[in-house]
Amino acid sequence: MASSHSSSPVPQSNSSDAFFKKEMDATKRFRPVQSLPDVCPKEPTGDPNNLHDSPSLVVDQHRWTIYHSKVNLPAALNDPRLAKRESDFFTKTWGVDFVDTEVTPSFYLPQITKEHFALYQQEITPREKVHERCKNICTPKDTFDRTLLHTHDKSRTDLEQVPKIFMKPDFALEDSLTFNAVLPWSHFSTAGGKGNCDAASSKLLQEKLSHYLDIVEVNIAHQISLRSEAFFHAMTSQHELQDYLRKTSQAVKLLREKISKIDKVMCEGSLRVLRLSLTRNNCIKAYNKLKLMATVHQTQPTVQLLLSTSEFVGALDLIATTQEVLQQELQGIHSFRHLGSQLCELEKLIDKMMIAEFSTYARNDLNRPLEDDCQILEEERLVSLVFGLLKQRKLNFYEIYGDEMIITAKNIIKQCVVNTVSQIEEIDTEVVVKLADQMRMMNFPQWFDLLKNIFSKFTIFLKRIKATLNTIRSVVFLVLDKNQKSRDLEDTLQKNSAKDSTVDTEVAYLTHEGMFISDAFSEGDVPPVAADTTSQRNTSPNSEPCSSDSVSEPECTTDSSSSKEQTSSSVTPGGVEMMISDDMKLTDLELVRLANNIQELLYNASDICHDRSVKFLMARAKDGFLEKLNSNEFVALSRLMEGFILDTEQICGRKSMSLRGALQSQANRFVNRFHEERKTKLSLLLDNERWKQAEVSAEFQDLVNSVSDGRISLPEKKMAATEERKPTEFLIVEGQKYATVGTVLLLIRIILEYCQCVDNIPSITTDMLTRLSDLLKYFNSRSCQLVLGAGALQVVGLKTITTKNLALSSRCLQLIVHYIPIIRAHFEARLQPKQFSMLRHFDHITKDYHDHIAEISAKLVAIMDSLFDKLLSKYEVKAPVPSACFRNICKQMAKMHEAIYDLLPEEQTQMLFLRINASYKLHLKRQLAHLNVVNDGGPLNGLVTSDVAFYTGNLQALKGLNNLDLNMAEIWEQKR
């Protein structure tokens, strides 16, 4: 035993102080310093049950804690359900490639080769040689080993005699199979004559079991003998260990008693204060919750009260707030389990009520008396309805207003017709039942006044619609503006939250470390935003909570969703102030689309008025009434329709083409009839024209004078002034005299009527230009047929076309040519730039007229040319002088001059006679050459010279031709 005591690894000591000192030194030497578990409870978070979530050695010293739990890693990794380790143990969860995948070599570990062990081998080789040499010198222990091996083999051979069943770990005689295998029943059978044999067998079995017992006992004794020294050493160490444990237990008990006293003195009171504070806060929350439940309980009566006053927005806000409170604050309250579904049904009912209310409002607004009052009907009611419909996402409410507009437009026309018909005594409503037939019985003034009344009603109707729709659009834009401001606010808050994240991280770290947040805040400055956030989540032990008297204050109320909703005040254009809440979940795209649809509804209102007006016009035009209107009536109708079209465009901001198209259609029909009437009139005038100079009345002279300043307008008729003035022979145009026929005077008036019609109806400018071009071309071609083509001989019955007729026709054409540039400028000022190409018609007409005038001049020259050819071909140079031929020629020249001098200007007369003189010289020269008369001063030459002098004197004696350069020397052949 002495040897065993001396070999004990546990140190000996005579004093307890030395024992504890030795224990502490051993701990410091072999194990790192570990802090005891945190015995201080965490900071309270509002739940008293969470104060002891972590185990405490003081409170939990006699019960099992989490520190008693242990983990056996092999047991956790090995599956006890498997008979053997399967190859796919890891691949079950982590994939097939878990085992086969090669591990990528680490970049941080060097590649080890044999060269790295070269130094080690050099150092260990001498030591290995020394070790081998010492092994050879030492005495071998083969004898002892052989003895042990022999003994071991012998014990193993003896144990092999014992049946394996006794070696099983689950050996139990209570099991029937095990019992029958150890003690077979056949050995205890005493039946028949085999009793002695059974007794012998039982004895043999008993001896065998005794033998097995002896073998086991011998082996146990042998094993004990082999380990006797360790056994006695363990017994000795056990006594010492018990002494150590007893002292340690006493020290731990003393320590726990001290800690328990510290807990009672320092911690129990503070924790009790915290528990009471949390209990009080929980009571306050419970009280607030009960108040909230009482408020929610009054939701339905309050909603009914709001609906009775048509406060749909307030009712919807209350329902939305209550729904949110039920889902967040009062979730799971059994008494409110059906309130949510009831509020949903009530919300659906409000939707139907708002749609019906908006339909009623639209009907009342549009069916008001159409007076000069464009004020909005009950603007506050309209704004409230629109906000409610937007809140419920009923974005198609404007369609209801559109349907009412169509019905009201129909009723406006019907009511106007009824009122007008009732005031006309000539229409018997009992005989003519249909309203359209009654309307067709009106004359133009009555029907025109009716149309004017309808247009005025439609104008007021559109102004009223515009005011209402502008109010609706302003509400939509207010909501859109609110959404944009909310988005900007969220962006600002996100930027601020990024700055506050560092503070929140510090708070979370301090909480994790076990410090009180209030203590941590007292150590340094905290931004006010973080402080506010923290104060809402935690309650400081040193701060005084809200008293029961201040429960109703906003600081102590439950943080419900209703308190989170922010509202902003907005004012509509009409001055109605509304509170816009943040719960209108409408996107900017939806709001912009809705605003565009409302603006489109205003355009549709204009289209509706135009369409109904077109139907009214078509109903009156069925019997050809509009086509029978004269120019003044149609111009008045056109101006009225143009005025209404411009008014609607100014109100609605967009052109409506239906009424303008109907006006254009009627204008085209009017233009066709207007043109056909005047062309027929012109044709009749030309067919009856005798091409004699007509007297110009004062009316036509005034008509021409009105165009002298370049402005075309038909003057007003002045009967008294016209009677005092006598007709004149010529038409004075800008100081020039024009001899004309009656047809041309009327043609000028017709042309001015075309121009005046363009001024009155600008939409028919292009059509009128085409028709006027056609009219001028017709006059040119028809006059050419009648005069140059001698058509007047058959049509009118003239005996011949005289030179006077030709000159008069030429002068009439010149008068028309004079007015073509003025007409062109008039139309050019009223055409669009892209339509200027149509003005080329006037250029073509001007060219045609000039060609016609040139043809007439050529015709006059040709008449004299044929006369010269006839007379000079018989000319003979002989006495008497002047010869008869030259006297006839001078006589015809005088007649020609007499016929055209008063009709054509002096310049044109001189030019014409120069051409005639040239023809005369040509024929005379040819005749002289034929007669072989030369300019040799002989007798024949003297006779010719006398005749030529007679011709020259007579020709220059004519009025206006005295300065005419005849150049008669050209009649003689030039000497070569």
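Quick caveat, the model's predicted, so the values are computed rather than measured.

The next subject is the overall build of the protein. Broken down by element type, the protein carries 33 helices and 4 strands. Here the protein, with 976 residues, has 35% of them falling under the buried criterion. The contacts of the protein with a sequence gap of at least 6 include a subset with a gap of at least 24, amounting to 77%. With an accessible surface of roughly 60600 Å², the protein has 55% of that area assigned to carbon and sulfur atoms.

The complete set of buried residues in helix α11 (residues 299–308) reads Thr299, Val303 and Leu307. Buried residues of α11, seen end-on, are gathered within an arc of 70° and therefore sit on one face of the element. Looking at α11, the residues exposed on the side facing more than 90 degrees away from the buried face are Leu305 and Ser308. Looking at the buried positions of α11, the neighbouring elements they touch are α10 (228–297), α12 (312–328) and α13 (339–366). Remark: Ser310 follows α11 within two positions and exhibits a positive phi of approximately 60°.

For the rest of this paragraph, the subject is the packing of aromatic side chains. Within the structure shown, the criterion is met by 16 aromatic pairs. An angle of 10° between the planes, with centres 4.2 Å apart, marks the rings of Phe634 and Phe670 as stacked. Placement of Phe634 in helix α22 (residues 631–652) and of Phe670 in helix α23 (residues 657–688) is noted, with a sequence separation of 36 residues between them. Of the two residues, Phe634 and Phe670, neither departs from the other in class, the shared state being buried. When the centroid spacing of 5.4 Å and the interplanar angle of 65° are considered together, the rings of Phe868 and Tyr920 count as edge-to-face. Within this pair, whereas Phe868 is found in helix α30 (residues 840–872), its partner Tyr920 is found in helix α32 (residues 906–931), the two being separated by 52 residues in sequence. You can call Phe868 buried: its relative accessible area is 0%. Residue class for Tyr920 comes out buried when judged on its relative accessible area of 0%. When the ring centre of Phe674 is taken as reference, the NZ or CZ atom of Arg678 above it lies at 3.5 Å. We note Arg811 situated over the ring of Tyr738; from NZ or CZ to the ring centre the distance is 3.9 Å.

To continue, consider the pattern of salt bridges. According to the stated counting rule, one finds 18 salt bridges in the structure shown. Glu132 is the salt-bridge partner of Lys135, the closest N and O atoms lying 4.0 Å from each other. Here Glu132 and Lys135 lie together in helix α6 (residues 118–137), a separation of 3 residues that amounts to about one turn. Since its relative accessible area comes to 36%, Glu132 is described here as partly exposed.

Attention now goes to the nonpolar core. For soluble globular proteins, nonpolar side chains are generally found buried alongside one another. Within the largest apolar cluster, 198 residues are counted, with the highest numbers of intra-cluster contacts made by Trp447 and Phe827. Trp447 has contacts with Met439, Met442, Phe616, Leu617, Arg620, Phe625, Leu626 and Leu637, leaving out every residue within four places of it along the chain.

This next bit is on the side chain of Arg473. Mapped onto the fold, Arg473 is located in helix α17 (residues 444–512). Among buried Asp, Glu, Lys and Arg side chains, Arg473 stands out as unpaired, with Glu600 the closest opposite charge at 10 Å. Contact partners of Arg473, with chain neighbours within four places excluded, come to Ala595, Ile598 and Gln599.

Take the environment of Phe455 next. Here Phe455 shows up in helix α17. Considered as a pair, Phe455 and Asp647 are 192 residues apart in the sequence and their alpha carbons are 9.6 Å apart. When near neighbours in sequence (up to four residues on either side) are disregarded, Phe455 contacts Ser613, Leu640, Met641, Phe644 and Leu659.

Attention shifts here to the packing of helix α21 (residues 588–620) against α22. Running from amino to carboxyl end, α21 crosses α22 at an angle of 165°, the nearest separation of the two axes being 10 Å. Relative to α22, the element α21 lies roughly antiparallel. Handedness of the crossing formed by α21 with α22: right-handed. Each of Gln599, Leu602, Tyr603, Ser606, Cys609, His610, Ser613 and Leu617 in α21 lies in contact with α22, whose residues at this interface are Met641, Phe644, Ile645, Thr648, Ile651 and Cys652. Looking at the contact of α21 with α22 residue by residue, the class counts come to 9 nonpolar, 5 polar and no charged.

The terminal C-alpha atoms of helix α26 (residues 742–760), which comprises 19 residues, lie 27 Å apart, in line with the 27 Å expected from a rise of 1.5 Å per residue. Summarising burial for α26: 15 of the 19 residues are buried, a large majority.

Within the element layout of this structure, Arg639 appears in helix α22. A sequence separation of 121 residues divides Arg639 from Asn760, and the C-alpha atoms of the two residues are 7.2 Å apart.

Attention now goes to a negative patch on the surface. Taken together, Glu695, Glu729, Glu898 and Asp902 make up a surface patch of like negative charges. Residue placement: Glu695 occurs in the loop between α23 and α24 (698–705). A relative accessible area of 59% places Glu695 in the exposed class.

Further remarks concern the confidence of the model for the protein. Looking at the protein, pLDDT values average 76 and 74% of them are 70 or higher. Below a pLDDT of 50 lies the segment residues 1–52, which in the model reaches 46 contacts outside its immediate sequence neighbourhood of four places, other chains included. Confidence over residues 505–567 falls short of pLDDT 50; this stretch has 65 contacts with residues more than four positions distant or in other chains.

Conventions and cut-offs
Residues numbered from 1 in each chain as written. Predicted model: local features only at pLDDT ≥ 70, side-chain atom pairs only at ≥ 80, totals over all residues. Heavy atoms only, no water. Helix = DSSP H or I, 4+ residues; strand = E, 2+ residues; numbered from the N terminus. Buried < 20%, exposed > 50% of the residue type's maximum accessible area, 1.4 Å probe, protein only. Contact = heavy atoms within 4.5 Å. Areas by Shrake-Rupley, 256 points an atom, 1.4 Å probe, with all protein chains shown as cover. Arc of directions from axis to C-beta. Phe/Tyr/Trp six-rings, centres within 6.5 Å; stacked < 30°, edge-to-face > 60°. Lys NZ or Arg CZ within 6 Å of the ring centre and 35° of its normal. Salt bridge = Lys/Arg side-chain N within 4 Å of Asp/Glu carboxyl O. Core = buried A, V, L, I, M, F, W, Y, C linked by side-chain atoms within 4.5 Å. Lys, Arg positive; Asp, Glu negative; His and termini not counted. Axes fitted to C-alpha atoms, helices over the stretch in contact; angles between N-to-C directions. Parallel < 35°, antiparallel > 145°, perpendicular 65-115°, else oblique. Left-handed = near helix turned anticlockwise from the far one by under 90°. Nonpolar A, V, L, I, M, F, W, Y, C, P; charged D, E, K, R; others polar. Expected span 1.5 Å × (residues − 1). Patch = residues over 30% accessible without salt bridge, like charges linked within 9 Å, V, L, I, M, F, W, Y side chains within 5 Å. Charge placed at Lys NZ, Arg CZ, Asp CG, Glu CD. pLDDT = per-residue confidence, 0-100.

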